[in-house]
Amino acid sequence: MTEEKTPYVDIHKVAEYFLVSVSTIRKWVRSGHIPASTYLKVGEVYRFRIPEIEAALTAATKEAQMRTLTKTNGE
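Residues numbered from 1 in each chain as written. Predicted model: local features only at pLDDT ≥ 70, side-chain atom pairs only at ≥ 80, totals over all residues. Heavy atoms only, no water.

## Some remarks on the pattern of salt bridges
When their charged atoms lie close together, side chains carrying opposite charge are able to pair. In total, this model carries 2 salt bridges according to the counting rule given. Among the salt bridges present, the one from Glu52 reaches Arg49, with a minimum N-O distance of 2.8 Å. With relative accessibility at 30%, the residue Glu52 sits in the partly exposed group. Glu63 is the salt-bridge partner of Arg67, the closest N and O atoms lying 2.8 Å from each other. Taken together, the residues Arg67 and Glu63, both in helix α3 (residues 50-72) and 4 residues apart, mark about one turn of the helix. Residue class for Arg67 comes out partly exposed when judged on its relative accessible area of 45%. Using a relative accessible area of 48% as the deciding quantity, one classes Glu63 as partly exposed. (Salt bridge = Lys/Arg side-chain N within 4 Å of Asp/Glu carboxyl O. Buried < 20%, exposed > 50% of the residue type's maximum accessible area, 1.4 Å probe, protein only. Helix = DSSP H or I, 4+ residues; strand = E, 2+ residues; numbered from the N terminus.)

Listed below in structure tokens is the structure:
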């Protein structure tokens, strides 16, 4: 039997990739830091797409940096 490649990984792989705990990933999901468009949920099981999570977190970080720059530059 061959192992099928899939772009989706479990929550443990996501935690390992971002060097955080599984509970942190769960918090990020609940708070919306990890958008629903980046994972599938079947019952209580989540499967994530790491490149999409990374892109969403990068975009959120850039947005927060821009807000900070705008405030410090005279808003």
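Text resumes after the structure shown.
## So, the pairing of strand β1 (residues 39-42)
In this structure, β1 lies alongside strand β2 (residues 45-48), joined through 4 bridges in antiparallel fashion. For Tyr39, the partnering residue across the bridge sits in β2 and is Phe48. (Pairing = 2+ DSSP bridges.)

## Notes on the environment of Ala36
Within the fold, Ala36 resides in the loop between α2 (22-31) and β1. For Ala36 and Glu63, which are 27 residues apart along the polypeptide, the C-alpha to C-alpha distance reads 19 Å.

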